[in-house]
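# Chains, contacts and geometry: an overview
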Amino acid sequence: SQQGEEDPQALSIQEGENATMNCSYKTSINNLQWYRQNSGRGLVHLILIRSNEREKHSGRLRVTLDTSKKSSSLLITASRAADTASYFCATDEAGYSTLTFGKGTMLLVSP
Amino acid sequence: DVKVTQSSRYLVKRTGEKVFLECVQDMDHENMFWYRQDPGLGLRLIYFSYDVKMKEKGDIPEGYSVSREKKERFSLILESASTNQTSMYLCASIRRLADYNEQFFGPGTRLTVL
């Protein structure tokens, strides 16, 4: 199956700074979703962007999608220590009944 | 709120044992999934089920089987556990909306095979 690739693999920032994570994928998609995983827990859905959308906001989250480059970015503004987690992109491909997850970006926000 | 629960958070088994991992969801979702998560490899799909008694192989089904006797319950079975099956196992179900799917995950089971 196709898999999204997040970049960077790990990111370490200070509280108050912005965190940007990128995701690249290989095939045509219906939509792309971002999930968050706190250490040792399951994944939680954060935000979805459809293939005909270019940008979406939810609170401190901003997601962009460039279908011509097959890439997406997740921006977390004014980060907090509680944002420390792994973040995964997942692609929803036409004709598939499953989501395909990337390997994740591990974000560490220091107080 | 959708709830996906898994029978154990931590499990320690011996090589050769038969292992059952149970997953239950309470929102009448038709599709359920089992993943394993390993450092550097991300989430890999083992099996999924789109209806009672129906199952489909994912990317890494070898060494595993599944059972879906009731809509709300999806079990992952390790017929003869091996050390390379030490991993975090995540169950999920999907809510299908008009134009997208949203996955809901359980808290995970960390399995250690000695």
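All values reported here derive from a predicted model rather than from experimental measurement.

## Here's the deal with the sheet that holds strand S8 (residues 73-78) of chain B
The strands making up a sheet associate through backbone hydrogen bonding, with each pair oriented either parallel or antiparallel. All names here are of chain B. Taking strand neighbours across the sheet as the criterion, the 4 strands line up as S1-S3-S8-S7 in an open arrangement whose pairing is antiparallel. Of all strands in the sheet, those with a lone pairing partner are strand S1 (4-6) and strand S7 (65-70), marking the two edges. Averaged over all adjacent pairs, the angle separating strand axes in this sheet is 20°, with direction ignored. In this structure, S1 lies alongside strand S3 (residues 19-25), joined through 3 bridges in antiparallel fashion. Residue pairing across strands places glutamine 6 opposite cysteine 23, the latter belonging to S3.

## Describing the packing of aromatic side chains
The relation between two aromatic rings is expressed through the spacing of the ring centres and the mutual angle of the planes. This structure, assessed with the given rule, holds 8 aromatic pairs over all chains. Through successive ring pairs, a cluster of aromatic residues spans A:Tyr35, A:Phe101, B:Phe33, B:Tyr35, B:Phe48 and B:Phe105. Over the ring of B:Phe74 we find B:Arg68; its NZ or CZ atom is 6.0 Å from the centre of that ring.

## What to know about the environment of B:Ser93
All names here are of chain B. Within the element layout of this structure, serine 93 appears in strand S9 (residues 87-96). Note: C-alpha distance between serine 93 and arginine 36 (57 residues apart in sequence) is 15 Å. With near-sequence residues (within four places) excluded, serine 93 lies in contact with Val4, Gln25, His29, Asn31, Met32, Phe33, Glu102, Gln103 and Phe104. Within the structure, serine 93 has its side chain in polar contact with the side chain of histidine 29 (distance 2.8 Å).

## Observations concerning the side chain of A:Asp92
By the secondary structure assignment, A:Asp92 is in strand S9 (residues 85-92). Overall, A:Asp92 belongs to the buried group, its relative accessible area being 2%. Contact partners of A:Asp92, with chain neighbours within four places excluded, come to A:Ile29, A:Asn30, A:Asn31, A:Gln33, A:Leu99, B:Tyr100 and B:Asn101.

Rules used in this analysis
Residues numbered from 1 in each chain as written. Chains lettered and ligands numbered in written order. Predicted model: local features only at pLDDT ≥ 70, side-chain atom pairs only at ≥ 80, totals over all residues. Heavy atoms only, no water. Pairing = 2+ DSSP bridges. Helix = DSSP H or I, 4+ residues; strand = E, 2+ residues; numbered from the N terminus. Axes fitted to C-alpha atoms, helices over the stretch in contact; angles between N-to-C directions. Phe/Tyr/Trp six-rings, centres within 6.5 Å; stacked < 30°, edge-to-face > 60°. Lys NZ or Arg CZ within 6 Å of the ring centre and 35° of its normal. Contact = heavy atoms within 4.5 Å. Polar contact = N/O pair within 3.5 Å; in protein donor to acceptor, adjacent residues only side chain to side chain. Buried < 20%, exposed > 50% of the residue type's maximum accessible area, 1.4 Å probe, protein only.

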